Amino acid sequence: MKDSNFLKENNARHFWHPMTSPEDSMTEPPKIIVSSEGVRIRDIDGHDTVDAVGGLWNVNLGYSCQPVKDAISSQLQTLPYYSTFRGTSNDAAIELSYELAQFFAPDGLSRAFFTSGGSDSIETALRLARQYHKLRAEPGRTKFLSLKKGYHGTHMGAASVNGNANFRAAYEPLMPGCFHIPAPHTYRNPFNETDPAKLAQLCANALEDEIAFQGAHTIAAMVIEPILGAGGVIVPHPSFAPMVQEICNRHGILLITDEVITAYGRTGAWTGARLWGIKPDMMATAKAITNGFFPFGAVMLGDRMIDAFEGNPAAKIGHGYTYSGHPVGAAAALACLAETKRLNVVENAAARGTQIYEGCKALMEKHEIIGDVRGGHGLMTAIELVSDRATKKPIDGARAGVVQDVAYQNGAMVRVSGPNIILSPPLVLTQADADVILSALDAGLAAA
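I will try to describe carefully the structure that is included in this document.

Analysis parameters
Residues numbered from 1 in each chain as written. Predicted model: local features only at pLDDT ≥ 70, side-chain atom pairs only at ≥ 80, totals over all residues. Heavy atoms only, no water. Pairing = 2+ DSSP bridges. Helix = DSSP H or I, 4+ residues; strand = E, 2+ residues; numbered from the N terminus. Contact = heavy atoms within 4.5 Å. Axes fitted to C-alpha atoms, helices over the stretch in contact; angles between N-to-C directions. Expected span 1.5 Å × (residues − 1). Buried < 20%, exposed > 50% of the residue type's maximum accessible area, 1.4 Å probe, protein only. Arc of directions from axis to C-beta. Polar contact = N/O pair within 3.5 Å; in protein donor to acceptor, adjacent residues only side chain to side chain. Phe/Tyr/Trp six-rings, centres within 6.5 Å; stacked < 30°, edge-to-face > 60°. Lys NZ or Arg CZ within 6 Å of the ring centre and 35° of its normal.

## Focus on the sheet that holds strand β2 (residues 40-43)
Alright, step 1. Taken in spatial order, the four strands of this open sheet run β1-β2-β3-β14, and their pairing is mixed. Both edges of this open sheet fall to β1 (33-37) and β14 (412-413), since each of them pairs with a single strand only.
Alright, step 2. Taken together, the three bridges between β2 and strand β3 (residues 48-51) define a ladder with antiparallel strand orientation. Across the sheet, R40 pairs through a bridge with V50, a residue of β3.
Alright, step 3. Along the sheet face, helix α15 (residues 431-447) touches β2, β3 and β14 and points at about 105° away from the line of β3.

Written out as structure tokens, the structure is:
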């Protein structure tokens, strides 16, 4: 490896980073992470921290998960790659499809379409949704509904159903036919409603109104995150998702749950669909499916999709990726799924999630800079920072950056997204690790 001076000097000279500007990478050099162990990461200067970001919501089992590393190494020795396009398959992908069918059976999902990651999974679900309606002689169903503040990736279709202008404005016009419903966000919503149950009903009413306006016969699917992640860990009332499913079913609209973040135990339940008691027609997954060790994803498919596509010679899927069902990724996913179940990570996610959520609420009592704390379901928590609690005016980026930097110096890597500090640590976090995160946050909030 090149020495540290070379790496620091060349990071922004030849490397454009996602989700920032080339100029920012020059003027605000990123932390260069060079090693990891357990739930901790170490930067190029030797500074060691608890990773409260979990990579990017994906390193659920920590960085030392040897079974996944061994599976990757072994598969590289036997079959490092082969296509799963028409005419060929591989043993690892076949075995994984079987195991995923068992895992997602309670969600009513028993078929898998493999992808290279989360944005790919959403893109796949959108395309299959349109094809589903064409196969059923309803070709006019081409539109998509989703929630404002939702995040569904960065491909053109995925960005089109995103509900955050930060991922849309620079790339418009996006795909036509995508419409957005207010999110059930009690801290910020157009109804000025703070009661979660009442707000859920108002958002469901807005969904009904939009369907009536567009015409149900023109709508292919609705896409929702069971808990909105990148938008700031927005947790809907338990009544919301069941209401959305009932509305979609009644109008013949497919329901897609975006579980790139929430699947595999993050919420303290095995899936977000199971958390709320719904059964989607498709579920987009990725991230924790391989613990972040290999780019991989899977769209899981339910009975409606199966009935339309299987036994139908007209149902040729003209979609796929070079790395769909990659044998190394499939082997990693098999090992990861086995370890995820063996550790029963949902129990620790729930316990440590409660610890961090309650700890953040205690920090809110101490620091006026905190306007809202959201979470309470597993290891996904957000602290929304404000410059004025009464007006809910968001904090400026510089002060949010101070919180992040001081927390890092005090032992925890946290993530800033707009005015939010988002926490999504590995699901194998210990009580002591969680204490470190809360102590580091306390220092960061005091400094801002």
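Further notes follow.
## Details of helix α14 (residues 397-409)
Alright, step 1. Here α14 spans 18 Å end to end across 13 residues, near enough to the 18 Å set by a 1.5 Å rise per residue.
Alright, step 2. Every buried residue of α14 is listed here: A400, G401, V403, A407 and Y408. For α14, the angular spread of buried residues about the axis comes to 155°, placing them on one side. Residues A398 and Q409 are exposed on α14 and point more than 90 degrees away from its buried face.
Alright, step 3. N-cap assignment for α14: the residue whose side-chain oxygen lies 3.1 Å from the backbone N of A398 is D396.
Alright, step 4. One or two positions beyond α14, positive phi appears at G411, with a value near 110°.

## A word on the packing of aromatic side chains
Alright, step 1. Counted by the stated rule, this structure contains seven aromatic pairs.
Alright, step 2. Ring centres 5.7 Å apart and planes at 20° place the aromatic pair F103 and Y264 in the stacked group. A residue pair is termed long-range when its members are at least 10 positions apart, and F103 in helix α5 (residues 91-103) and Y264 in the loop between β8 (254-258) and α10 (272-276) qualify at 161 residues. Here F103 and Y264 have matching classes, each one buried.
Alright, step 3. Taking 5.6 Å as the distance between ring centres and 75° as the angle between the ring planes, the aromatic pair formed by F104 and Y264 counts as edge-to-face. Here the residue F104 occupies a position in the loop between α5 and β4 (109-115), and Y264 occupies one in the loop between β8 and α10, the gap between them amounting to 160 residues. Across the pair, exposure class does not vary: F104 and Y264 are buried alike.
Alright, step 4. Here the aromatic residues F103, F104, Y264 and W270 are joined through ring pairs into a cluster of three or more.
Alright, step 5. Of note, K31 hangs over the ring of Y408, and the distance from its end group to the ring centre comes to 4.9 Å.
Alright, step 6. Just above the ring of Y187 sits the side chain of K392; from NZ or CZ to the centre is 4.4 Å.

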